[in-house]
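Reading the structure
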Amino acid sequence: VFRYGGDEFIVVIMNSDLDHAKKVAERIRNCIEKWVFLKNAGLEIFLTVSIGIALYPDHAKTKNEIIAAADSAMY
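What comes next is a walk through the structure.

Definitions and cut-offs
Residues numbered from 1 in each chain as written. Predicted model: local features only at pLDDT ≥ 70, side-chain atom pairs only at ≥ 80, totals over all residues. Heavy atoms only, no water. Helix = DSSP H or I, 4+ residues; strand = E, 2+ residues; numbered from the N terminus. Rg over C-alpha atoms; globule rule 2.2 N^0.38 Å. Buried < 20%, exposed > 50% of the residue type's maximum accessible area, 1.4 Å probe, protein only. Patch = residues over 30% accessible without salt bridge, like charges linked within 9 Å, V, L, I, M, F, W, Y side chains within 5 Å. Areas by Shrake-Rupley, 256 points an atom, 1.4 Å probe, with all protein chains shown as cover. Salt bridge = Lys/Arg side-chain N within 4 Å of Asp/Glu carboxyl O.

Secondary structure assignment for the protein yields two helices and two strands. Each helix and strand of the protein, placed in order from N terminus to C terminus, yields the pattern β-β-α-α. Over its C-alpha atoms the protein spans a radius of gyration of 14 Å, topping by over 25% the 11 Å that the globule rule assigns to 75 residues. Put simply, the protein has 75 residues, and 8% of those count as buried.

Below is the structure:
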């Protein structure tokens, strides 16, 4: 897992198929959705995330293509 942009992160999963990647994405989305941010500051902030999935070589062959494919899938 690493930050790709200001508010974008990339998760690389080795030897995965689309079904497994969707399950991982849903677990990530669910955990973030349930997390209460800034609780120690007396606030209750909830966030959601949008996730796009792209597989190599199914959806793209290069680093830039796979990032573009995942970005497109997110929308």
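Picking up after the structure, the text goes on.
Moving on, we get to a nonpolar patch on the surface. Judged by side-chain polarity, Val1, Phe9, Val11, Ile13, Ile28 and Ile51 come together as a nonpolar surface patch covering roughly 520 Å² of accessible area. Looking at the element boundaries, isoleucine 51 is found in the loop between helix H1 (18–34) and helix H2 (63–74).

Glancing now at the pattern of salt bridges. With the rule as written, the count across this model stands at three salt bridges. Between aspartate 19 and lysine 23 there is a salt bridge, with the nearest N and O atoms lying 3.3 Å from each other. On the criterion of helical spacing, the pair formed by aspartate 19 and lysine 23 is a turn pair, its members being four residues apart in helix H1. Here arginine 29 ties to glutamate 33 by a salt bridge, and the two come within 3.1 Å at their closest N and O atoms. With arginine 29 and glutamate 33 both in helix H1 and four residues apart, this pair spans about one turn of that helix.

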